[in-house]
Amino acid sequence: MSKDHDKASHGSQDARRHKIDHQTRNEWLHRDAGLQDAWQASGMTRDDFIRHNEGLIDKVIVENLDQDR
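This structure is a prediction, so every number in the text was calculated from the model and none was measured.

Participant: How would you summarise the overall build of the protein chain if you had to cite specific residues and measurements?
Facilitator: Secondary structure summary: the protein chain contains five helices and zero strands in total. Counting helices and strands in the order they occur from the N terminus, the protein chain gives α-α-α-α-α. The proportion of buried residues among the 69 residues of the protein chain is 26%. Of the contacts made within the protein chain by residues no fewer than 6 positions apart, 56% connect residues no fewer than 24 positions apart.

Structure follows, in structure tokens:
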């Protein structure tokens, strides 16, 4: 497996632990400047970007949630 797969798998595990769904990812895409920049640079629709980058978005969400604890 590729290292990208490992990252995506880890993001999916975090998503299940934190109950992250499409709507939550959409909200974080709206509030996080780094994610917004990546989305705009991708040329994808918002929903396509979220579907193709769940691991990345989940990682940003989990890191921020864990910092708040």
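There is more to say after this.
Participant: Describe in detail the packing of helix α2 (residues 22–31) against helix α3 (residues 33–42), supporting the description with residues and values.
Facilitator: Packing of α2 against α3 brings their axes to within 6 Å, and their N-to-C directions diverge by 95°. Relative to α3, the element α2 is oriented roughly perpendicular. Mapping the contact onto sequence places Trp28, Leu29, His30 and Arg31 in α2 and Ala33, Leu35, Gln36 and Trp39 in α3.

Participant: Please set out the confidence of the model for the protein chain residue by residue, giving values where relevant.
Facilitator: Averaged over all residues, the pLDDT of the protein chain is 81; the fraction at 70 or higher stands at 71%. When mean pLDDT is compared element by element in the protein chain, helix α4 (residues 46–52) scores highest at 97, while helix α1 (residues 3–18) scores lowest at 51. Here residues 1–9 is modelled with pLDDT under 50, and outside its nearest four sequence neighbours on either side it reaches two contacts, counting other chains as well.

Participant: Tell me what's going on with the packing of aromatic side chains, and back it up with residues and numbers.
Facilitator: The geometry of an aromatic ring pair is captured by two quantities: the separation of the ring centres and the angle between the planes. Per the stated rule, a full pass over the model turns up zero aromatic pairs. Residue placement shows Arg31 over the ring face of Trp28; its charged tip is 4.5 Å from the ring centre.

Participant: Explain the pattern of salt bridges to me, using residue names and the numbers behind them.
Facilitator: The full count for this structure, using the stated rule, is four salt bridges. Asp58 is the partner of Arg25 in a salt bridge, and the nearest nitrogen-oxygen pair spans 2.7 Å. A residue pair is termed long-range when its members are at least 10 positions apart, and Arg25 in helix α2 and Asp58 in helix α5 (residues 54–67) qualify at 33 residues. With respect to burial, Arg25 and Asp58 carry one shared label: buried. Two residues, Glu63 and Lys59, come together in a salt bridge whose shortest N-O distance is 3.9 Å. Taken as a pair, Glu63 and Lys59 lie in helix α5 at a separation of four residues, close to a single helical turn. The class for Glu63 is partly exposed, based on a relative accessible area of 41%. What emerges from the salt-bridge pattern is a single network uniting Arg25, Glu54 and Asp58.

Parameters and conventions
Residues numbered from 1 in each chain as written. Predicted model: local features only at pLDDT ≥ 70, side-chain atom pairs only at ≥ 80, totals over all residues. Heavy atoms only, no water. Helix = DSSP H or I, 4+ residues; strand = E, 2+ residues; numbered from the N terminus. Buried < 20%, exposed > 50% of the residue type's maximum accessible area, 1.4 Å probe, protein only. Contact = heavy atoms within 4.5 Å. Axes fitted to C-alpha atoms, helices over the stretch in contact; angles between N-to-C directions. Parallel < 35°, antiparallel > 145°, perpendicular 65-115°, else oblique. pLDDT = per-residue confidence, 0-100. Phe/Tyr/Trp six-rings, centres within 6.5 Å; stacked < 30°, edge-to-face > 60°. Lys NZ or Arg CZ within 6 Å of the ring centre and 35° of its normal. Salt bridge = Lys/Arg side-chain N within 4 Å of Asp/Glu carboxyl O.

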